[in-house]
Amino acid sequence: MEIDADNLSATELRLGLPGTSSSDDWQKKPSPSVGAKRALDDTRSEASGTSPATAGDLDHDTAAPPKAQVVGWPPVRAYRKNTFQAAAAAKKAEQQQGGGLYVKVSMDGAPYLRKVDLRMYKGYRELSDALDALFTKSISAAAAAAEGGEHQHAIAYEDKDGDLMLVGDVPWDMFISSCKKLRIMKGSEAR
Amino acid sequence: MGRGGSRAAPAAAAPPWHVLPDEVWEHAFSFLPADSDRGAAAAACRSWLRAERRSRRRLAVANCYAASPQDAVDRFPAVRAVEVKGKPHFADFGLVPPAWGAAAAPWVAAAADGWPLVEEISFKRMVVTDDCLEMIAASFRNFQVLRLVSCEGFSTAGLAAIAAGCRNLRELDLQENEIEDCSIHWLSLFPESFTSLVTLNFSCLEGDVNITVLERLVTRCRNLKTLKLNNAIPLDKLANLLRKAPQIVELGTGRFSADYHPDLFSKLEAAFAGCKSLRRLSGAWDAVPEYLPAFYCVCEGLTSLNLSYATVRGPELIKFISRCKNLQLLWVMDLIEDHGLAVVASSCNKLQELRVFPSAPFDAAEQVSLTERGLVDVSASCPMLESVLYFCRRMTNEALITIAKNRPNFTCFRLCIIEPHTPDYTTHQPLDAGFSAIVESCKGLRRLSVSGLLTDSVFKSIGAHADRLEMLSIAFAGNSDLGLHYILSGCKSLKKLEIRDCPFGDKPLLANAAKLETMRSLWMSTCSLTLGACRQLARKMPRLSVEVMNDPRRGCPLDSLTDESPVETLYVYRTIAGPRSDTPACVQIV
């Protein structure tokens, strides 16, 4: 069976979202030749509320129409879709409100606290660098005031149970979900 | 030939065998389990027709528009249990316009009038109103079973009528319906004297229920075997309910979400330990993995596990499933991943049905490691596996060929590769060879859904080999009219064909018009059909109802459109009832 032009482009591997690159196929005008797609699809994509260009994030808005370009695809029952969307949104909302996103960061000796969004970082390295950047002035001031000794700082955090823990022991994901507050401690205290 | 024939026969000459009284035939037919067998018997001769139809107790109407309610009542006057299905299957995915039809009211009215002894009513994909439910409660003295699947149009007010009015209710089974919450405490309307409930499934109800009332109901219904709760029941209340109903066989846990607390864990564990008869488990399960061990004591007895709404993942999930050595049915999310399915393959050797649902169907970015590997493993190690529904993002011909070789006993194979037109990811070839292997090997295949990149040649195989196939679903496949022609000219047993987004046009439809009368229904949406062909089909085949649906925004009525106009959706079904009169504006019967 020969493969026509439509399907040739369809054989390219795509990592894009369903419908994003295949939208070109969809919007071809119907031609007398066999295998043409329909022009109706642009009305359908309008109906589903997403434009070909935007990704439309399921996570951000439960009220947003389904991300899929194509109506009714993949064939997931409306009931299941609603239930899962609701669950995903609820979980996201819970995570937003719950512990571990924006946390206060206190540094001993610094006049005021800062706040960081733990979700901005992918690991301890990035967090450490970010905290260094935030507290540069205080760190160098403390270093100058110290008796020429080390200005090593230890980063500690307060977890859900209120205990002061050293940052770095547990996997990152577990850390984000249990961290309530960060505290940068002077080297001397940390020892 | 009448019933009196045999009585008049003299003792010397015994009556010919076919002059036996109807009661004898009725008794004989009672041994025929399948309606299709009874139907075949009824077609043999007039006396059998009479005997069969007058003794028919169970009636299944697979398409509510295939016959009128009055036809059904006239033909089968002694029915006690009726099941009616309405909207086409693709309504589940939003492809059927709202207000399309499938009202249950005419059926309830006809039943109330002609079948006062009805005990069971099931509706699937129909519009059931509160009035319908009130009429059911008021009309049938011995009403026992109400089952509503994927229906809409009713509220808790209707449920209240059922609770208050059905003294002998045994089963109230609400599966995946859209129920409006009127804040009516319908559960409280079961009288204190009411104890006959065996099945109570309100898992799809969104609102709160009065838990005290529920506890009292569960306590006094000592025969309760199936209890499926909704999301409103907190975990500690679940434990209480289980203690009151340790005889439970099927449980739907509801949300099952709570922060881990050792006391609650012990309470749950103890409650489950008391449920020695528990065989089927399901639930919404925003479950925290730490709670899963509370189920360990029931795992070995479980034959059915539905975790398809559960977002729990990881090693705890897999450990839990691996303990369920007697599972026959497993529904999960793709969060189980390939390595989880490998464990299922080695632990659950009695598995008969597997369904794997997509956790993030619209979000390609959230990749879950579920591929063809998982299905291959399960097919290799589970000798009784016969039914599969599998959503994944990649597949190979080789995997499908292996699966086909491993499991020639498939009766239902539904594969959904999420991105349309996805080829074999190693060879970039269409998946024709893989699906062909499936139909060639699985001679008993009754239901098939194909996906991925497919050319006409796969349909040639399906048409030629899938002799027992009754239902076929096709999407984004094929490259010419030939594809549809192969299917309609082959597939001897085809009953339901549903097609979307395929380049199939008028010619194969018209060339195979007669085939459509041997089928229950045909659905084609976003294909290459014209209105003229649909009109021609309707003229040619008067016993088919040819429904054309267009996007309402594009303008109705359809009368004004020319023969060349493209048709968005075609739904054809055989009927003895003639054209229906309840179509909305965007649907026309041509």
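What counts and what doesn't
- Residues numbered from 1 in each chain as written.
- Chains lettered and ligands numbered in written order.
- Predicted model: local features only at pLDDT ≥ 70, side-chain atom pairs only at ≥ 80, totals over all residues.
- Heavy atoms only, no water.
- UniProt positions renumbered as here; feature names shortened; annotations may be inferred.
- Helix = DSSP H or I, 4+ residues; strand = E, 2+ residues; numbered from the N terminus.
- Rg over C-alpha atoms; globule rule 2.2 N^0.38 Å.
- Buried < 20%, exposed > 50% of the residue type's maximum accessible area, 1.4 Å probe, protein only.
- Contact = heavy atoms within 4.5 Å.
- Lys, Arg positive; Asp, Glu negative; His and termini not counted.
- Charge placed at Lys NZ, Arg CZ, Asp CG, Glu CD.
- pLDDT = per-residue confidence, 0-100.
- Pairing = 2+ DSSP bridges.
- Axes fitted to C-alpha atoms, helices over the stretch in contact; angles between N-to-C directions.
- Polar contact = N/O pair within 3.5 Å; in protein donor to acceptor, adjacent residues only side chain to side chain.
- Parallel < 35°, antiparallel > 145°, perpendicular 65-115°, else oblique.
- Left-handed = near helix turned anticlockwise from the far one by under 90°.
- Nonpolar A, V, L, I, M, F, W, Y, C, P; charged D, E, K, R; others polar.

Named according to an unreviewed UniProt entry, chain B is Transport inhibitor response 1-like protein originating from Miscanthus lutarioriparius. According to the UniProt record, the Pathway (unreviewed entry) comment for chain B is "Protein modification; protein ubiquitination." Under Subunit (unreviewed entry), UniProt gives the following word-for-word description of chain B: "Part of a SCF (SKP1-cullin-F-box) protein ligase complex. May interact with auxin and auxin-responsive proteins."

Naming follows an unreviewed UniProt entry, where chain A appears as Auxin-responsive protein of Miscanthus lutarioriparius. Turning to chain A, the UniProt record has this under Function (unreviewed entry): "Aux/IAA proteins are short-lived transcriptional factors that function as repressors of early auxin response genes at low auxin concentrations." In the Sequence similarities (unreviewed entry) part of its UniProt record, chain A is described as follows: "Belongs to the Aux/IAA family."

Here the focus is the overall build of chain B. What chain B contains, in helices and strands, is 22 helices and 23 strands. Taken over the C-alpha trace, chain B has a radius of gyration of 26 Å; the compact-globule value for 590 residues is 25 Å, and the two agree within 12%. If one aligns the C-alpha atoms of chain B with their principal axes, the spans along those axes are about 70 × 70 × 60 Å. Here chain B, with 590 residues, has 57% of them falling under the buried criterion. By sequence separation, contacts in chain B at least 24 residues apart represent 71% of the contacts at least 6 residues apart. Distance from the positive charge centre (65 side chains) to the negative charge centre (65 side chains) of chain B: 8 Å.

A few words now on the confidence of the model for chain A. A residue-level look at chain A finds 43% of positions with pLDDT of 70 or above and a mean pLDDT of 62. Of the regions scoring below 50 in pLDDT, residues 1–68 of chain A engages in 124 contacts with residues more than four places distant in sequence or in other chains.

With that settled, consider the sheet that holds strand β4 (residues 164–166) of chain A. Residue and element names in this part refer to chain A. The five strands lie next to each other as β2-β1-β5-β3-β4, forming an open sheet whose pairing is mixed. The sheet is open, and its two edges are formed by β2 (114–117) and β4, each paired on a single side. Taking each pair of neighbouring strands and ignoring which way they run, the sheet shows an average axis angle of 35°. Pairing of strand β1 (residues 102–107) with β2 involves four bridges; the strand directions are antiparallel. In the strand pairing of β2, Tyr102 is matched with Asp117.

On to the side chain of B:His421. The residue B:His421 is located in the loop between β16 (412–417) and α17 (432–441) in this model. There is a polar contact of 3.5 Å between the side chain of B:His421 and the backbone oxygen of B:Phe476.

Before going further, it helps to spend a moment on the packing of helix α15 (residues 372–381) of chain B against helix α16 (residues 397–406) of chain B. Residues and elements named next belong to chain B. In the contact formed by α15 and α16, the axes pass within 9 Å of each other and the chain directions differ by 15°. Judged on the interaxial angle alone, α16 and α15 are roughly parallel. The way α15 lies across α16 gives a crossing that is left-handed. Across the interface between the two elements, Glu372, Leu375, Val376, Ser379 and Ala380 from α15 touch Ala399, Thr402, Ile403 and Asn406 from α16. Here the residues of the contact of α15 with α16 sort into five nonpolar, three polar and one charged.

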